[in-house]
Amino acid sequence: MKREIHAEWTKLRTLPGTGWVLLAIPVLTVALGVAAGAATTCASARCNHDAVKLALTGVQLSQVVVAVLAVLAITGEHTTGLIRTTFTAMPRRFTVLGAKAAVLAGPTLVAAIAGVLGSVLAGRLILPGRGFTPAHGYPLLSLTDGLVLRAAAGSVLYLTLIAVLCLGVAAIVRDSAAAMGVVLGLFYLFPILIHLVSDPDWQRLLFRISPTNAGLAIQSSMNLDLLPIGPWPGLGVLAAWAAAALLAGGLLVRLRDV
Amino acid sequence: MTGLLRGEWTKFRTVRGWVLGMALAVLITVLLGVFTASGSHSSCSGPEGDVCPALPVGPEGLAVNDRFSFAHQPLAGDGSVTARVASLTGIITYPPPDHDKIVPGVVPWAKAGIMIKESVRPGSAYAAMMLTGGHGARMQHNYEHDVAGSREARWLRLTRSGDTITGAESADGTHWTTVSTVRLTGLQKNALMGLFVASPCDLTVTQGDLGGTIGKCRLTQATAVFDHVSLAGNPWTYDDLGGHTGAPALSQGTFRESGGTFTMSGSGDVGPYGIEGGQIVERTLSGAYTGLIVVIVVAVMFITAEYRRGLIRTTLLASPRRGRVLVAKSLVIGVVTFVVGLIAAVIAVPLCSRILRANGNQLLPVSTSTELRVVAGTAALLAVAAVLALAIGALIRRSAVAVITAIAVIVVPHVLTTASVLPAELSQWLLRVTPAAAFAIQQSIPEYSQVEGHYVPQMGYYPLAPWAGFAVLCAYALLALGLAVLLLRRRDA
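Residues numbered from 1 in each chain as written. Chains lettered and ligands numbered in written order. Predicted model: local features only at pLDDT ≥ 70, side-chain atom pairs only at ≥ 80, totals over all residues. Heavy atoms only, no water.

Visitor: Sorry if this is basic, but what is going on with the domain arrangement of chain B here?
Guide: How big an interface is tends to be reported as the loss of accessible area on association of its parts. Residues and elements named next belong to chain B. As assigned here, chain B comprises domain 1 (2–40 + 278–490) and domain 2 (64–272). Each of domain 1 and domain 2 has a C-alpha centre, and these two points are 44 Å apart. Across the boundary between the two partners, domain 1 contributes 10 residues, which contact 15 residues of domain 2. Sorting the residues of domain 1 by area buried against domain 2 places Q450, E452 and H454 first, and these three jointly supply 56% of that buried surface. Where domain 1 packs against domain 2, one counts 0 salt bridges. Here domain 1 and domain 2 share 1 residue pair in polar contact (both at pLDDT 80 or more) between them. (Domains from an automatic or database assignment. Contact = heavy atoms within 4.5 Å. Buried area = accessible area lost by both parts, 1.4 Å probe. Salt bridge = Lys/Arg side-chain N within 4 Å of Asp/Glu carboxyl O. Polar contact = N/O pair within 3.5 Å; in protein donor to acceptor, adjacent residues only side chain to side chain.)

Visitor: How should I be thinking about the packing of aromatic side chains in this particular structure?
Guide: Each aromatic ring pair is summarised here by two numbers: the centre-to-centre distance and the angle between the ring planes. All names here are of chain B. Evaluation of the coordinates by the stated rule reveals 17 aromatic pairs over all chains. Measuring from centroid to centroid gives 6.3 Å for W9 and F12, while their planes differ by 15 degrees, and the two rings are stacked. Residue W9 and its partner F12 are located together in helix α1 (residues 2–14), separated by 3 residues, close to a single helical turn. You can call W9 partly exposed: its relative accessible area is 39%. With a centroid separation of 5.8 Å and an interplanar angle of 85 degrees, the aromatic rings of F68 and F196 are classed as edge-to-face. (Phe/Tyr/Trp six-rings, centres within 6.5 Å; stacked < 30°, edge-to-face > 60°. Helix = DSSP H or I, 4+ residues; strand = E, 2+ residues; numbered from the N terminus. Buried < 20%, exposed > 50% of the residue type's maximum accessible area, 1.4 Å probe, protein only.)

Visitor: Sorry if this is basic, but what is going on with the sheet that holds strand β12 (residues 190–198) of chain B here?
Guide: Backbone hydrogen bonds are what pair the strands of a sheet, in a parallel or an antiparallel way. Residue and element names in this part refer to chain B. A sheet is described by the order of its strands in space; here 7 strands give the open sequence β8-β7-β6-β5-β12-β2-β16, paired in antiparallel fashion. Only two strands of the sheet have a single neighbouring strand rather than two, namely β8 (145–148) and β16 (237–241). Neighbour-to-neighbour, the strand axes of this sheet turn through a mean angle of 20 degrees, independent of strand direction. For strand β5 (residues 111–117) and β12, the ladder comprises 7 bridges, and the chain directions are antiparallel. Paired with G113 across the bridge in β12 is F196. (Pairing = 2+ DSSP bridges. Axes fitted to C-alpha atoms, helices over the stretch in contact; angles between N-to-C directions.)

Visitor: Please explain the UniProt feature "transmembrane region" (unreviewed entry) in chain B as it appears in this structure.
Guide: Here, the residues flagged by UniProt with the feature "transmembrane region" (unreviewed entry) are residues 15–35, 287–305, 326–356, 376–396, 403–422 and 467–488 of chain B. Taken end to end, residues 15–35 of chain B comprises 95% helix and 0% strand; its first and last C-alpha atoms sit 30 Å apart. (UniProt positions renumbered as here; feature names shortened; annotations may be inferred.)

Visitor: How should the side chain of Q221(B) be read in this particular structure?
Guide: Residues and elements named next belong to chain B. Residue placement: Q221 occurs in strand β15 (residues 220–227). For Q221, a relative accessible area of 11% gives the class buried. Of the polar contacts made by the side chain of Q221, one reaches the backbone oxygen of Q252; its length is 3.1 Å.

Visitor: Teacher, can you tell me more about empty space enclosed by the protein here?
Guide: In this approach a probe as big as a water molecule rolls over the atoms, and the regions it shows empty are the leftover space. Evaluated as defined, the whole model comprises 7 cavities of 30 Å³ or more. Of the volumes computed, that of the largest cavity is approximately 250 Å³. Around the largest cavity, the lining is made up of 18 residues, and of these L196(A), H414(B), T418(B), Q442(B) and Y462(B) lie nearest the centre. A per-element tally of the lining of the largest cavity places helix α8 (residues 176–196) of chain A first, with 3 residues. (1 Å grid on protein atoms, 1.4 Å probe; cavity = no way out; pocket = protein on both sides within 12 Å on 5 of 7 lines; lining within 4 Å. Points joined across faces, edges and corners; volume = space filled by probe spheres on them.)

Visitor: Could you clarify how one ought to interpret the layout of surface pockets in this entry?
Guide: Here the second largest pocket defines a volume of roughly 730 Å³. In terms of lining residues, the second largest pocket is bounded by 30 residues, among which A24(A), L28(A), V65(A), V68(A) and I404(B) are the most central. Elements supplying a minimum of two residues to the lining of the second largest pocket: α2 (16–38) and α4 (59–80) of chain A together with α7 (399–418) and α8 (424–433) of chain B. Sorting elements by how many residues they give to the lining of the second largest pocket places α2(A) first, with 9 residues.

Visitor: Would you explain the UniProt feature "transmembrane region" (unreviewed entry) in chain A in this entry?
Guide: Residues and elements named next belong to chain A. Residues annotated by UniProt as "transmembrane region" (unreviewed entry) correspond here to residues 54–76, 97–127, 147–170, 177–197 and 232–253. Regarding residues 97–127, the helix share stands at 97% and the strand share at 0%, and the terminal C-alpha atoms are separated by 42 Å. With 100% helix and 0% strand, residues 232–253 has its two end C-alpha atoms placed 31 Å apart.

Visitor: Would you take a moment to explain the environment of V66(A) for this structure?
Guide: All names here are of chain A. Considering the arrangement of structural elements, one finds V66 in helix α4. Exposure remark for V66: the relative accessible area of 1% places this residue in the buried category. In sequence terms V66 and V148 are 82 residues apart; their C-alpha atoms lie 23 Å from each other. Ignoring anything within four residues of it in the chain, the contact list for V66 reads I25, T108, L159, I162 and A163.

Visitor: Before we go on, may I ask you to explain the pairing of strand β17 (residues 254–258) of chain B in this structure?
Guide: Regular strands place their side chains on alternate faces of the sheet. Residues and elements named next belong to chain B. As defined by bridge partners, β17 adjoins strand β18 (residues 261–266) across 5 bridges and the pair is classed as antiparallel. Bridge pairing links R256 to T263 in β18. A loop of 2 residues connects β17 with β18, the two strands running antiparallel in sequence, and G259 in this loop sits at a positive phi of about 55 degrees.

Visitor: Whenever I open this one, unusual backbone geometry confuses me. Can you help?
Guide: Glycine aside, a negative phi is what most residues show, and trans is what most peptide bonds show. Of note in this structure, R174(A) is not a glycine but carries a positive phi near 70 degrees. Within the secondary structure layout, R174(A) lies in the loop between α7 (146–173) and α8. For N142(B), which is not glycine, the phi torsion reads 45 degrees and is therefore positive. With respect to the helices and strands, the residue N142(B) is situated in the loop between β7 (137–141) and β8. Residue classification places N142(B) among the buried positions, given a relative accessible area of 7%.

Visitor: Honestly, the interface of chain B and chain A in this entry has me stumped. Any pointers?
Guide: The partner chain A presents 40 residues to the 39 residues of chain B that form the contact. Between chain B and chain A, the buried area comes to about 3,600 Å², and carbon and sulfur atoms account for 72% of it. At the surface where chain B touches chain A, the tally comes to 1 salt bridge. The shortest N-O distance in the salt bridge between R308(B) and D175(A) comes to 3.1 Å. Seen at the junction of chain B and chain A, the total is 6 residue pairs in polar contact (both at pLDDT 80 or more).

See the structure below:
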């Protein structure tokens, strides 16, 4: 496993685009968080905005960048034919995929931590000026607050799990364009369906099985009892999706010719 | 150029994955429409059982509100009615911030004035001069049309001549100004004229518990005192139009006469019906955005596959005028996608409409031209988005990054704004400046300035007009295509 991880790390590290993509993760996370904060005002104690969720809105955008990184990590090899060399050098294909997942998770985790910390800091600076004051029931965002810490740590885990999910999908689909389409369809299909279906039972069911909706329940800091799924079980749903995708990808990689 | 087009068409139709992809786009669009239609139920408990009462339909074919207090006299042929609105007061139930009491107040679009109406049938033609709670004197007719008068007027007059009706206003009862002259096509000789009062519900928008905003409309009632009424002396008939027994007392109107002064109270509204509470035709095309993801993938691959396989060198060798190659590719992908989108829309709209109706939903009626615009516009939206995706593919040349860029600019803003994870202000800004603005072409029920509504993208109201939104996407596509042509000429392939 050590050999595989070393090889995969060298490949990821030496790709020219990796650095830029990794940089884009924190930049976009903070940028959308700032935009969302600046566009929202809390006029009274009853404004019912979830300040923590608002500050971490950027995760919804940076997950797309995480998807690019994850998908390219595997489809890039199929495009260039390098995958044949890889599997010749390291015939334990399942292990190779595992190593890829591990190698991908590391940098994603670091970039996600930077983005999430930046978002919390930006929220701390911007939100009080937009009416999110202690007088309206919003203490200053701080990682010592258990709810904020859960949302922040959860968002980092969320992005990391998204990377693993995308890697699994890419291993199944193999073509980069098609993999991107499948991954993004998966991200945004459920939110739209939940919005469009008017039956509340269907809405709750869709929310519970959706990788993005259930996964992002971890960001909630208020109205927790109204969530169709709890914060940690929600993240568990995403973890299940990621594990299933990686397992299916691994099996297919073993069974198929390259 | 013909040869080029044929060449590109051959490339497209001989790649099985792309043709299957386009078929998949149709399938996904239709299936998602069917799924959402099947998951949308609506039922009402009322005197007719579980069936919701039908919305009145106005003379121009749109669903309308026609609920107000009306004291009327017959009008045979030409005639005129004059009245002074001495006062307009009202009550608002459970307004913000505490939503806990009933307070005096007049909502901005509370209306009191005079009206000539074809009959008491809901949805029948009318023209009215009125004073409003906060928007001065207005002349409105046939639910959709609204002309502003002055803010000082207290006296109102309507004059009928055949099927034209002239509305006039005055501050003192001697100097009259015409506000507008309208035609009520096909107005019968025997119509009604009289006094009316309406008071639409008071809209409060709150932040939803799980994101998004929720609009709640609370009951209001307006009371107007009329004097100097030109019809005084004749017998009046009073109707609480559109009211039903068992409704809250405050929603029922009253009419009282004493010594030439008339006091009338009323609730409800006479005007166009918004999206709220009804199903709209574009809901049946809600799957289009997922179809769009597939279309984007195919359109991007249509160009990036050439780079990957080195075919681009052969293509450019065969036709050295590189700009034309890209134009031919755009034409092929644009036309193919338009046809695909049209097929999907033509299947999805009638099929899902039928399912929605079978589930007890009331589909808001729209004019044929609007329905055509929604159907053809969806196909055009897919086609132009495909061209934009192709141009992005030509610019970036790497399929994954190109697909993600195209989806991030076209689909993601739409999802984030309509599925209501973003604050409403940011949503509206995004739907003005990103290519996702083009989804406005699907909006079938317009925003009315004379109705206080919950006009946010989440409800289906886009910040730009349908064609303006579509133009934003076209501008992006043209810009990207121009840039792609420029770069294709400059760069080595």
